[in-house]
Amino acid sequence: MSIDEIIDSIYPLPVLSKENLKKHITEVSYPKNFCLMEADKVIPYLYFIKKGIVRAYASREENEITFWFGTEGETVVSMKSYVEDKPGYENIELLENCELYQLETESLRELFGEDIHIANWGRKFAERELVKTEELIISRQYKTALERYSDLMREKPHLLRRVQLGYIASYLGITQVSLSRIRAEFR
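This structure is a prediction, so every number in the text was calculated from the model and none was measured. (Residues numbered from 1 in each chain as written. Predicted model: local features only at pLDDT ≥ 70, side-chain atom pairs only at ≥ 80, totals over all residues. Heavy atoms only, no water.)

Enquirer: Kindly report on a nonpolar patch on the surface, identifying the contributing residues and their values.
Expert: On the surface, L146, M153 and F186 cluster together to form a nonpolar patch covering roughly 230 Å² of accessible area. Positionally, F186 belongs in helix α9 (residues 176-186). (Patch = residues over 30% accessible without salt bridge, like charges linked within 9 Å, V, L, I, M, F, W, Y side chains within 5 Å. Areas by Shrake-Rupley, 256 points an atom, 1.4 Å probe, with all protein chains shown as cover. Salt bridge = Lys/Arg side-chain N within 4 Å of Asp/Glu carboxyl O. Helix = DSSP H or I, 4+ residues; strand = E, 2+ residues; numbered from the N terminus.)

This is the structure in structure tokens:
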């Protein structure tokens, strides 16, 4: 996905503002299994996925809890680092070789002060991230595992082909055995 498409999907910018924003964005590539962000560290960048898939997880005792997957066109950000310059709680691991667009948070903040259009783009970006978080919380609190799996099949069926089942089960908050039972119901 092109950076223009990603920027416009967040909030369309006037040509000059978009060009100015793009001057601060670089393309980077990392291999599968690379840890893009580590918990307990301030992350000075945000990323947009050009190609590939990532997962966000938190380590807890002896296991990892996957709580988000990102694919082409999506943003990868530690909101705690982005908003408060504090260490985040999430790890971000690449599940495929990835091509990403990288933007330094400090550069973006400077652009907010220089260009009202970019500032509005940043506001829309933060609002979208808030809605994604809210949807995740509501799903976890009010839906059954079967309903969450059904939502995943409807909204992001490509994840089921690209992500190992252990990560899917963790994302749904169930064991792999329970996931196998749910999948059998759908066949």
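There is more to say, and it comes next.
Enquirer: How would you summarise the pattern of salt bridges if you had to cite specific residues and measurements?
Expert: Enumeration according to the criterion identifies 21 salt bridges in this entry. D4 is the partner of K18 in a salt bridge, and the nearest nitrogen-oxygen pair spans 3.6 Å. Separated by 14 residues along the polypeptide, K18 in helix α2 (residues 15-22) and D4 in helix α1 (residues 3-10) bring together distant segments of the chain. Using a relative accessible area of 27% as the deciding quantity, one classes D4 as partly exposed. Ionic contacts of the salt-bridge type, sharing partners, join the residues D4, D8, K18, E19 and K22 into one network. (Buried < 20%, exposed > 50% of the residue type's maximum accessible area, 1.4 Å probe, protein only.)

Enquirer: Give me the lowdown on the packing of aromatic side chains, citing residues and values where you can.
Expert: Counted under the stated rule, the structure contains eight aromatic pairs. Taking the centre distance of 4.3 Å and the plane angle of 5° together, the rings of Y30 and F34 count as stacked. A relative accessible area of 22% places Y30 in the partly exposed class. Arranged with centres 5.1 Å apart and planes meeting at 65°, the rings of Y149 and F186 form a pair that is edge-to-face. A residue pair is termed long-range when its members are at least 10 positions apart, and Y149 in helix α6 (residues 145-155) and F186 in helix α9 qualify at 37 residues. By relative accessible area, Y149 is classed as buried at 4%. The exposure class of F186 is partly exposed, given its relative accessible area of 37%. An aromatic cluster of three or more residues is present, and its members are F48, Y82, W121 and F125. Its guanidinium or amino end placed over the ring of Y57, R55 lies 4.0 Å from that ring's centre, counting from NZ or CZ. Just above the ring of Y167 sits the side chain of R55; from NZ or CZ to the centre is 3.8 Å. (Phe/Tyr/Trp six-rings, centres within 6.5 Å; stacked < 30°, edge-to-face > 60°. Lys NZ or Arg CZ within 6 Å of the ring centre and 35° of its normal.)

Enquirer: Go over α2, please, and point to the residues and values.
Expert: Inspection of α2 places S17, K18 and L21 among the buried residues, and these make up the whole buried set. Along the long axis of α2, the arc covered by the buried residues comes to 100°, so they all point the same way. In α2, those exposed residues whose orientation departs by more than 90 degrees from the buried face are V15 and L16. On its buried side, α2 packs onto α1, β1 (25-30), β8 (98-104), α4 (105-114) and α5 (116-142). (Arc of directions from axis to C-beta. Contact = heavy atoms within 4.5 Å.)

Enquirer: Provide a residue-level description of α5, including the pertinent values.
Expert: Across its 27 residues, α5 extends 38 Å between first and last C-alpha, which sits within 8% of the 39 Å expected from 1.5 Å per residue. Within α5, burial applies to I118, W121, G122, F125, E129 and S139. At the N-terminal boundary of α5, the capping side chain belongs to D115, with an oxygen 2.8 Å from the backbone nitrogen of H117. (Expected span 1.5 Å × (residues − 1). Polar contact = N/O pair within 3.5 Å; in protein donor to acceptor, adjacent residues only side chain to side chain.)

Enquirer: Describe the environment of M153, listing the residues and the values that go with them.
Expert: Here M153 shows up in helix α6. With 33 residues separating them in the primary sequence, M153 and F186 have C-alpha atoms 9.9 Å apart. Ignoring any residue separated from it by four or fewer positions in sequence, one finds M153 in contact with L160 and F186.

Enquirer: Would you mind going over the sheet that holds strand β7 (residues 91-94) in detail, with residue names and values included?
Expert: Taken together, the four strands give an open sheet; going across it, the order is β2-β7-β4-β5, and neighbouring strands pair in antiparallel fashion. Either end of the sheet is taken by a strand with one partner, and the two such strands are β2 (35-37) and β5 (63-70). In this sheet, neighbouring strand axes are inclined to one another by 35° on average, regardless of whether the strands run parallel or antiparallel. Looking at chain direction, strand β4 (residues 54-60) and β7 are connected through four bridges and run antiparallel. Bridging across to β7, V54 finds its partner in L94. Together, β4, β5 and β7 form the strand contacts of helix α8 (residues 165-172), whose direction differs from that of β5 by roughly 90°. (Pairing = 2+ DSSP bridges. Axes fitted to C-alpha atoms, helices over the stretch in contact; angles between N-to-C directions.)

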